[in-house]
Amino acid sequence: MVRMLGLRPEERRTVALAAATAGLGAAGLTIAASGVDALLFARDGVEALPGLYVLLGITMFLASLGVSALLGRLGRGRTFLAIPASILVISVVAWVALLDDPGWVYRALWIVRGAAEFLVGLAVWGLAGLVTDTRQAKRWFPLIGAAAVLGQVVGGLLTRPLASWLGTEALILVWSATLVTVVVFGRRLVAIAGAEAPRSRRRRPSAVAELVGGLRDALRSPLLRWMSVGSILFSLLFFSLYLPFSRAAVARFPAPDDLAGFLGLFMAISTGVTLLLSLFVMNRLLARVGIPVVMLVLPILYLVAFGVLTVAASFAILLAFRFAQVVWLQGGASSTWEAVINTVPGERRDRMRAFLYGGPTQVGTVLAGVVALIGERAVSPRVLYAIGLVAAGGALYAMFRVRRAYAAELVVALREGRPHVFGGAPGAGEPFGLARADRAATSVAVAAMDDPDASVRRVAAELLGGLDPGRAVPALIRGVHDLDAEVRAASLRSLARAEAFEASDEIPPLLADPVPEVRLAALDALDALRADRARARGLLADGDGLVRARAAGILLAGGSDAEADAALARLSRSPHAEMRAAALRELAASTAAGTEDLAIGALSDPAPSVRTEAARTVLAIDPTAGVERLLATVDVGDGETKAFEVAAQAVAADPERAAGPVRHLAASAGACAMESRHLADSIEPDGDERLTILRDSLVDDARAHAMTAFRAIGLLHGSEQIEAALESVSAADPVQRANALEVIETIGDRQLVRPLLGLWEPSSGRTDPDWHAKVLHHPDERIRAYARWALADARGDDHAGGAMTETLTTIPTMERVLFLRRVPLFADLPPQDLLPIATIASEHTYEDADTIAEQGEPGDEMYIIVTGYVMVILRGADGHQQVLAVRSAGEVLGEMAVITSAPRMASLAAKGPVRLLTIARRPFEAMIRDRPETSLALLRVLCQRLADSESALVGGPGDGRETVT
């Protein structure tokens, strides 16, 4: 199981804890259910159940509200521990009360046990979710779910011997003991997750607000309206069958110990069959008939059950239908129900789930109690069965309506660009997910391949590669002839994923497609479908470097090929990082002499993507010796970021051998971080903007070193948690930032981590009197340049910077940095990110009335006004011109042009003398490829500007500035 799930050594303890928690929680609940039912029926009889249904529905509704309130007040970790701890206390108190044999205890225990089936499961899966990210959940949850199923089976099998040995009353203590272990193991999981860190103060919607919002969503959607009706009826039907089964079981096993043993054995067998159904039947069933049809099985089961019971109601018949009910509910109906809820957009899905389970489901539970209370006093059991038959008919009609609405919701999801509804396995995240090949989803995607909207066809083509191949392949073959290039490429990729070998003849013509992306997809399909790989040779001279690299890789996969090796060697020297990375990726299949040396040399490439591919190629060529070669290059002197990327690949290949060099890397990065921060704290700007920039650059450098140290530690102590925390370290919200730092402190080497956390405090309190000399000889060239520039006046250097002043562009570049800090678009960027922007900017001057840009021409530049004024002019179809706005110094024009290249919506002209900084699209794209952190910072600023613009438009009419640019 460990090998199948791909568990790493450091993950196994966490998974074992989560699995043990799930297994013990399920075992305890199974034992408790059998024991409590037996005690209640022996003491008060089955006649107590109708009134208890009403109380259970009310209790579950209040419990849902209470859990929501606890999540908002205590946070997830403490709430998931408080739930089993509270049930533990109640169960122990109830057992003590049993010694005096008060009548109310049995009924109270039954309600607590009924609520616990929902609450303990919520807590156990919540604890598992704390220690898993999305990728881990795919590997861990099947094992955790299997442990829960095994716990149910073991608990059911142990119930009879435990009841015979200890007595039925003692089963409550056994349940309490399992709850103790759930709390203890859960406490450890919370500590591993770092969930005890101060929680966010962001206001969480109340449970009542969630229910009200869910009601509004349900009323607006035909699908959700009929699901709400179904929730009421299915809850009514569940308890309507549970009641006569319980009565028949009590009549057959009047002794409490025997009854508890029978119920435990029943649960063990039904759970085992459920597991087999989930693993071996549901996938095939869904692929053949689809989710909407599968949803009809449960109401048909109830229809047959109550139809038969109106004629005969023997113990054997009740046992058979109760067994079918339990197996189908756990093995099929619950997961298909979740799959339908998955069609609701993500931002409303939790609210809808809370509404369905907290509202209509509990209404059905109360209604079942009311019907039973009235019916048992006024009518015969056959009339109650007839009422169940009518309810089953209503549920069947509701599911027919759900079936019709489900396909319509899938179409909406497709048009809204929500492919996860199709592509992810329905019920993803559940212990045993459903098949990906839902027949209804496949039908919708196939039909969408003929949609007039090309964007819809693209999404459909991507989806079909993960759905039913038998029905998808003909539609995808049509897609490879689509007029839209992206549809052709997506269709080829999906044919490859579906292993549609019959489509191999469609590939050769597409190798000559005019669009490089299509040629790339055709090469991938050629390789995946094992077609004639020799056809790739014709693309070794392709005009696109990525196509040449992929063609060479395909040829090398078939054996040594000198022509392909030569093509990749040339590409590895390309000035474009993307080409170099592609060449190294394909060189992993090469056996030519010198390939390994070429890859090792690329470990010091300036581009991160190239270094990563180089490390992977070294490991692919020789997995054993490759680790040693990578570790030999982990030299902090060549740059921490480069060293970290190489170390990450080495750790992935051999964690034990890489541990020592990685710890050394973390310690060295930490020392560099502290040194830069001490230098920054030594600088007192006193209003000097140059010194302020120098100090800020040192603070930024210190934090960058610290981030490298944290990531290096994370390679050995849970990189997922470290990376998740690092995403929030630079957050504007101080509470979110504090939470992230707290999580980092709980993971890894605290002795190394704790001093680095102070780098996010206002000052370290330590200064260095020799800071002038040290910043001028700082290892980072950018900081040295800032230092020479900032200290030029103090040293009497008119050239402002020593060796950096050998060209006439140095002074303007530094002055541009100073200017860019005053521009709102760039004001929040650190100096290290401003310098490359200042470097690629070019300076232009214009006289009065000069045209800067024409309306309708391609937008491939953005302009920053240094001095003067620029008019934004709109030219109408009749030639009439209108001045929409006048921009002044510090404002930015056409900032979206470098991203979209869309035609300009207006002309720009100088109003008097104007001096501009111009940033062209291609240099800007190259810069952000090499420095992704700069692009992220700019995206945050642009998103904020768009949000501010939208707020201004909503708030009232403005001057039209944002809409013009």
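Analysis parameters
Residues numbered from 1 in each chain as written. Predicted model: local features only at pLDDT ≥ 70, side-chain atom pairs only at ≥ 80, totals over all residues. Heavy atoms only, no water. Helix = DSSP H or I, 4+ residues; strand = E, 2+ residues; numbered from the N terminus. Buried < 20%, exposed > 50% of the residue type's maximum accessible area, 1.4 Å probe, protein only. Contact = heavy atoms within 4.5 Å. Areas by Shrake-Rupley, 256 points an atom, 1.4 Å probe, with all protein chains shown as cover. Polar contact = N/O pair within 3.5 Å; in protein donor to acceptor, adjacent residues only side chain to side chain. Salt bridge = Lys/Arg side-chain N within 4 Å of Asp/Glu carboxyl O. Pairing = 2+ DSSP bridges. Axes fitted to C-alpha atoms, helices over the stretch in contact; angles between N-to-C directions. Parallel < 35°, antiparallel > 145°, perpendicular 65-115°, else oblique. Left-handed = near helix turned anticlockwise from the far one by under 90°. Nonpolar A, V, L, I, M, F, W, Y, C, P; charged D, E, K, R; others polar. Phe/Tyr/Trp six-rings, centres within 6.5 Å; stacked < 30°, edge-to-face > 60°. pLDDT = per-residue confidence, 0-100.

> So what's going on with the overall build of the protein? Residues and values would help.
Assigned secondary structure in the protein consists of 45 helices and six strands. Scored against the burial criterion, the 965 residues of the protein give a buried share of 52%. At a minimum sequence separation of 6, the contacts of the protein that also span at least 24 residues come to 74%. In the structure as shown, the protein presents an accessible area of about 42,800 Å², 59% of it carried by carbon and sulfur atoms.

> Tell me about the environment of Glu891, residues and numbers included.
Within the fold, Glu891 resides in the loop between strand E4 (881–887) and strand E5 (892–893). Distance in space between the C-alpha atoms of Glu891 and Val823 is 6.7 Å, their sequence separation being 68 residues.

> Could you give me a rundown of the environment of Ile693, with the residues and numbers involved?
Relative to the assigned elements, Ile693 resides in helix H33 (residues 689–716). Distance from Ile693 to Val817, taken between C-alpha atoms, is 8.8 Å for residues 124 residues apart in sequence. Ignoring sequence-local partners within four residues, the contact set of Ile693 consists of Tyr786, Trp789, Val817, Leu818, Arg821 and Pro831.

> Tell me about the side chain of Asp780, residues and numbers included.
Position of Asp780 among the secondary structure elements: in the loop between helix H37 (771–776) and helix H38 (781–790). A relative accessible area of 14% places Asp780 in the buried class. Engagement of the side chain of Asp780 in a polar contact is seen with the backbone nitrogen of Arg782, the distance being 2.8 Å.

> An account of the pattern of salt bridges is requested, with residue identities and associated values reported.
Going through the model one piece at a time under the given rule, you end up with 29 salt bridges. For Asp37, the salt bridge identified is with Arg113, shortest N-O distance 2.7 Å. Here Asp37 is found in helix H2 (residues 9–43), whereas its partner Arg113 is found in helix H5 (residues 104–130), with 76 residues between them in sequence. For Arg113, a relative accessible area of 6% gives the class buried.

> Account for unusual backbone geometry, naming residues and giving values.
Phi is positive for Glu499, which is not a glycine, with a value near 55 degrees. When you line up the elements, Glu499 lands in the loop between helix H22 (485–497) and helix H23 (507–510). Phi at Ala849 takes a positive value of approximately 75 degrees, unusual for a residue other than glycine. By secondary structure assignment, the location of Ala849 is in the loop between strand E1 (842–846) and strand E2 (851–853). Since its relative accessible area comes to 55%, Ala849 is described here as exposed.

> Tell me about the pairing of strand E3 (residues 861–875), and name the residues and values.
Sheet analysis places E3 next to strand E6 (residues 907–920), joined by eleven bridges and oriented antiparallel. By the bridge assignment for E6, Met871 is matched with Ala909. Of the strand pairs in this sheet, E3 and E5 are connected by two bridges, and their pairing is antiparallel. Bridging from a neighbouring strand, Ile864 pairs with Val892 of E5. Inspection of the sheet shows E3 paired to E4 by six bridges, in the antiparallel sense. Bridging from a neighbouring strand, Met871 pairs with Val886 of E4. Here E3 folds back onto E4, and the loop between the two strands holds five residues, one of which, Gly879, carries a positive phi near 90 degrees.

> Go over the packing of H5 against helix H7 (residues 171–193), please, and point to the residues and values.
A pair of packed helices is captured by two measures, namely the crossing angle of their axes and the spacing between those axes. Contact pair H5 / H7: the axes reach a minimum separation of 10 Å and the direction vectors enclose 25 degrees. Between H5 and H7, the crossing angle belongs to the class labelled roughly parallel. In the packing of H5 onto H7, the handedness of the crossing is left-handed. Listed contacts from H7 to Leu109, Val112, Arg113, Ala116, Val120, Leu127 and Leu130 of H5 are Ile172, Trp175, Leu179, Gly186, Leu189, Val190 and Ala193. When grouped by side-chain class, the residues that make up the contact of H5 with H7 number twelve nonpolar, one polar and one charged.

> Please give an account of the packing of aromatic side chains that cites residues and values.
For any pair of aromatic rings, the description consists of the separation of the ring centres together with the inter-plane angle of the planes. Scanning the entire structure with this criterion turns up 16 aromatic pairs. Ring geometry for Trp110 and Tyr242: centres 6.5 Å apart, planes at 40 degrees, overall tilted. Of the two residues, Trp110 sits in helix H5 while Tyr242 sits in helix H9 (residues 222–252), which places them 132 residues apart along the sequence. Seen from their ring centres, Phe245 and Phe266 are 5.4 Å apart, and the 35 degrees between their planes marks the pair as tilted.

> Can you tell me about the confidence of the model for the protein, naming the residues and giving the values?
The predicted coordinates ought not to be read in detail in places where the model reports low pLDDT. Taken residue by residue, the protein gives an average pLDDT of 79. The fraction at 70 or more is 81%. Within the protein, the lowest mean pLDDT, 36, falls on helix H45 (residues 961–964), and the highest, 94, falls on helix H13 (residues 297–309). Considering only residues more than four positions removed or in separate chains, one finds that residues 795–811, a stretch of pLDDT under 50, has 21 contacts. Low pLDDT, under 50, characterises residues 955–965; the predicted model gives this stretch 19 contacts beyond four residues in sequence or across chains.

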